[in-house]
Amino acid sequence: MANVGIVIVSHSAKIAEGAADMVRQMVGESVPLAFTGGNSDGGLGTDVGQIMAAIEAAWSEAGVAILVDLGGAETNSEMAVEMLDEARQKRIAICNAPIVEGAVIAATEASGGSPLDIVKQMAEELYP
Amino acid sequence: MDRETKRALIEAASAAIAAHADELTTLDQAIGDGDHGHNMKRGFEAVAADVASLVERPLPDMLKTIGTQLVMKVGGASGPLYGTLFMGLAKEISDNPTSEEACRALEKAIEAVKARGKSETGQKTLLDVLVPVQAAWASHGPKGLGEIAKIAAEKTVPMKAIRGRASFLGDRSIGHMDPGARSSSLLIATLADVLES
């Protein structure tokens, strides 16, 4: 079975890209990975359409774990998930975890073949 | 609902948001990330640009399309919140609703917004305007809702933010009007004016 994919959603395109770089350094190409940051004007913010595209890009039959930064990133990610097919919705988890550390831990766990619930749990243990 | 009313509602809402964008941004700079005015303006400009096709749709379909536009264009947390409000209305309303039906639809839509924001009244959000306006509408009818919305938005000034970016400020959020409450009161007053005239 494929490894769980990781999606990074930050208000900042630079943070999203930087966190993704750190994930790649850790796990190489062994997990599907996508990131998005910034609003549709290129300013700070998050964009539902871009989040949907990132989920699509990192899609794995094993599911996708999403790491977010501040509130709007979480709310927009929840909205993006609800706008996808119901069959896919069940295989997406938004992690309540710090974005950089959470992405690296989640990806490391995913690279070992762990299922989505374990990937999410490992990331969320960072917020005890 | 006839095309002219739909057009008037959409154009008035968009114009009101554009006229008050700087004010909303200033409020958001005090207790948030300072993008509310700009975000709302972008969202409502996208809706207004689509007005010719929106007015051809039955009311529920029009509201759903507006909600989707707001979700896609507003960004921030207010995009999903306002988007959920309009999509919630769309689910519960007919093409020619009575005042009572529209009021009940708003009640349901507010429940959806609460779920989306994991929030309740008293937390310094748009709910502190939407909920009292809906309650007043249910008990006294649709007259004077704009004024009730304005008073409700003022009442967010002494509140402490519990949800959203402003909650990071804790007690320092006290003394500022919530930007989402202000944009809600502005929209309600504008839409009520059009419907009463």
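On a predicted model such as this, the values are computed, not experimentally measured, just so you know.

**Q** Where do I start with the overall build of chain B in this structure?
**A** Broken down by element type, chain B carries ten helices and zero strands. Going from N to C terminus, chain B has its helices and strands arranged as α-α-α-α-α-α-α-α-α-α. The principal-axis extents of the C-alpha atoms in chain B amount to approximately 45 × 35 × 30 Å. The buried share of chain B, taken over its 197 residues, is 51%. Across chain B, every contact between residues at least 6 apart in sequence was considered, and the portion connecting residues at least 24 apart equals 62%.

**Q** I keep staring at unusual backbone geometry and nothing clicks. Help me out?
**A** All names here are of chain B. Positive phi, close to 50°, is recorded for K118, a residue that is not glycine. Although it is not a glycine, K124 sits at a positive phi angle of roughly 65°. By secondary structure assignment, the location of K124 is in the loop between α7 (99-117) and α8 (127-140). When the 29 C-beta atoms within 10 Å are taken as the criterion, K124 is described as buried.

**Q** Please explain the confidence of the model for chain B as it appears in this structure.
**A** It should be kept in mind that the predicted coordinates are not to be read in detail where pLDDT is low. Looking at chain B, pLDDT values average 96 and 100% of them are 70 or higher. Here the complex is predicted with pTM 0.92, and the ipTM for its interfaces comes to 0.84.

**Q** What am I meant to see in the interface of chain B and chain A here?
**A** If you look at the interface, chain B gives 14 residues, while chain A gives 14 residues. The class makeup of the residues in the side of chain B that touches chain A is four nonpolar, five polar and five charged.

**Q** I would appreciate a short explanation of the packing of helix α5 (residues 59-74) of chain B against helix α6 (residues 78-92) of chain B in the present structure.
**A** The relative placement of two packed helices comes down to the angle between their axes together with the axis-to-axis distance. All names here are of chain B. Across the interface, α5 lies against α6 with an axial gap of 7 Å and an inter-helix angle of 170°. Taken together, the axes of α5 and α6 are roughly antiparallel relative to one another. The residues of α6 that touch α5, namely those facing P60, L63, K64, I66, G67, T68, L70, V71 and V74, are S78, G79, P80, Y82, G83, F86, M87, L89 and A90. In the contact of α5 with α6, the residues fall into twelve nonpolar, five polar and one charged.

**Q** What am I meant to see in the pairing of strand β3 (residues 64-68) of chain A here?
**A** As a general feature of sheets, a regular strand has side chains that alternate between the two faces. Residues and elements named next belong to chain A. By the criterion of burial, β3 is predominantly enclosed, with five of the five residues buried. Covered by surrounding structure in β3 are V64, I66 and V68 together with A65 and L67, the residues of both alternating faces. Note: strand β1 (residues 5-10) against β3, five bridges, orientation parallel. Of the residues in β3, the one forming a bridge with I6 is A65. Sheet topology note: the β3/strand β4 (residues 92-95) ladder contains four bridges and is parallel. By the bridge assignment for β4, I66 is matched with I94.

Calculation rules
- Residues numbered from 1 in each chain as written.
- Chains lettered and ligands numbered in written order.
- Predicted model: local features only at pLDDT ≥ 70, side-chain atom pairs only at ≥ 80, totals over all residues.
- Helix = DSSP H or I, 4+ residues; strand = E, 2+ residues; numbered from the N terminus.
- Buried ≥ 20, exposed ≤ 12 C-beta atoms within 10 Å, placed from the backbone.
- Contact = placed C-beta atoms within 7 Å.
- pLDDT = per-residue confidence, 0-100.
- Nonpolar A, V, L, I, M, F, W, Y, C, P; charged D, E, K, R; others polar.
- Axes fitted to C-alpha atoms, helices over the stretch in contact; angles between N-to-C directions.
- Parallel < 35°, antiparallel > 145°, perpendicular 65-115°, else oblique.
- Pairing = 2+ DSSP bridges.

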